[in-house]
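# Summary of structural features
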Amino acid sequence: EQPIFSTRAHVFQIDPNTKKNWVPTSKHAVTVSYFYDSTRNVYRIISLDGSKAIINSTITPNMTFTKTSQKFGQWADSRANTVYGLGFSSEHHLSKFAEKFQEFKEAARLAKEKSQEKMELTSTPSQESAGGDIQSPLTPESINGTDDERATPEVTQNSEPRAEPTQNALPFTHSSTISKHWEAELATLKGNNAKLTAALLESTANVKQWKQQLAAYQEEAERLHKRVTELECVSSQANAVHTHKTELNQTIQELESTLKKKEEEIERLKQEIDNARELQAQRDSLTQKLQEVEIRNKDLEGQLSDLEQRLEKSQNEQEAFRNNLKTLLEILDGKIFELTELRDNLAKLIECS
């Protein structure tokens, strides 16, 4: 891996217990760098505090870097199951880091589209050679980047002031992260549900066919039992009848063994059906949770708007209070000046008298 852009910032992670507060992972500003892995064609954000890696995040097209204040930004990493926060010394460094994040995210998206096109081109000859069978080979994602797109490292001094994260913007951003996570889980369950539904239909058809075969085997067994009884009563050759009976018994045992296997197969299919129903219930539960998260996001947006209105009203009231106080001070200055003149006049009268 090769570093292509570096800066310095204070590193934070979301508290895994409360999911609301930030926990600092570095005591001072550390170097945060974008790295390019030419072997796997991916971009990563890495930061080391001594020999400990406090950030190791792979950039994907679904990630979003959010500026929550003039010197603080954050992004969610679903693979690491956490939210990272960076406090910069100035707004310029934050903007530069956000621009690079967007640039490498866009490169990841374009590379993913190229990878999908490559998979389609690769699967087309495979389908023709296999006589129409659909094949979808999996290829790793490749994120392409050029040397011209790489930025020169930018390092600030160790004496940078520490930017603290804002608490107001966190719940809304974190709720959006949870919403995206549940949407990804729901999409995965929908795909699994479609596959299980197709397998369930096929299994149901196989069960019906095996039930018919089972009924035929049972009829054949009953017929053979009756045939054995008739041969024992009618035949005068006991040895031949005994030999025939032994053969028939072996055939019956084989049929019973086949019947037992079919019953086990039916039980297995019933278990698969139960699993499919359980997955369906999980999908419904996730859908309900997603709706709850969306409702919560709307509530948070309303609270944020209300707080902004209250803040603006408070600022207007403070400004009006300052203006009134200034006017009062001017009036007091005038009164003090008048009293001073009155005192001087009284003193002159006293001296004259």
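What comes next concerns the included structure. Owing to the predicted nature of the structure, the values given are computational and were not obtained by experimental measurement. (Residues numbered from 1 in each chain as written. Predicted model: local features only at pLDDT ≥ 70, side-chain atom pairs only at ≥ 80, totals over all residues. Heavy atoms only, no water.)

## Points about the overall build of the chain
Counting its regular elements, the chain contains 3 helices and 8 strands. Along the chain, from the amino end to the carboxyl end, the secondary structure elements read β-β-β-β-β-β-β-β-α-α-α. Sequence-distant contacts in the chain: of pairs separated by 6 or more residues, those separated by 24 or more amount to 64%. For the chain, the computed accessible surface area is about 23,900 Å², with 51% contributed by carbon and sulfur atoms. (Helix = DSSP H or I, 4+ residues; strand = E, 2+ residues; numbered from the N terminus. Contact = heavy atoms within 4.5 Å. Areas by Shrake-Rupley, 256 points an atom, 1.4 Å probe, with all protein chains shown as cover.)

## A few points about the pattern of salt bridges
Within the structure shown, the criterion is met by 8 salt bridges. For R322, the salt bridge is made with E319, and the minimal N-O distance between the two is 3.6 Å. Of this pair, R322 and E319 both sit in helix α3 (residues 238-352), separated by 3 residues, roughly a single helical turn. Here D344 makes a salt bridge to R343, at a shortest N to O gap of 3.8 Å. (Salt bridge = Lys/Arg side-chain N within 4 Å of Asp/Glu carboxyl O.)

## Considering the nonpolar core
Counting residues in each nonpolar core, the largest one holds 25 residues, and the members touching the most others are Y34, I45, I55, W75, L86 and F97. Elements that contribute at least two residues to this core include exactly β1 (2-14), β3 (30-37), β4 (42-49), β5 (52-58), β8 (82-87) and α1 (91-129). When residues in this core are grouped by element, the largest group, 6 residues, is from α1. Ignoring any residue separated from it by four or fewer positions in sequence, one finds F97 in contact with F5, T7, V32, Y34, I45, F65, W75, L86 and F88. In terms of nonpolar packing, the next biggest core, distinct from the first, is built from 6 residues, F12, I14, F72 and V83 among them. (Core = buried A, V, L, I, M, F, W, Y, C linked by side-chain atoms within 4.5 Å. Buried < 20%, exposed > 50% of the residue type's maximum accessible area, 1.4 Å probe, protein only.)

## Side note on a nonpolar patch on the surface
On the surface, a cluster of nonpolar side chains totalling about 590 Å² of accessible area is made up of F321, L325, L328, L329, L332 and I336. In this fold, L325 is placed in helix α3. On the basis of relative accessible area, L325 is assigned to the partly exposed category, the value being 41%. (Patch = residues over 30% accessible without salt bridge, like charges linked within 9 Å, V, L, I, M, F, W, Y side chains within 5 Å.)

## Here we look at the pairing of β8
Within a regular strand, side chains alternate between the sheet's two faces. In terms of residue burial, β8 counts as a mostly covered element, since 6 of its 6 residues are buried. Taking every second residue as pointing to the same face, both faces of β8 are buried, with T82, Y84 and L86 on one and V83, G85 and G87 on the other. Bridge count for β1 against β8 is 4 bridges, and the pairing is antiparallel. In the strand pairing of β8, Q13 is matched with Y84. Relative to β8, strand β7 (residues 72-77) runs antiparallel, the two sharing 6 bridges. Residue pairing in the sheet places Q74 in a bridge with G85 of β8. Where β7 hands over to β8, the hairpin turn is made up of 4 residues, of which N81 adopts a positive phi near 55°. (Pairing = 2+ DSSP bridges.)

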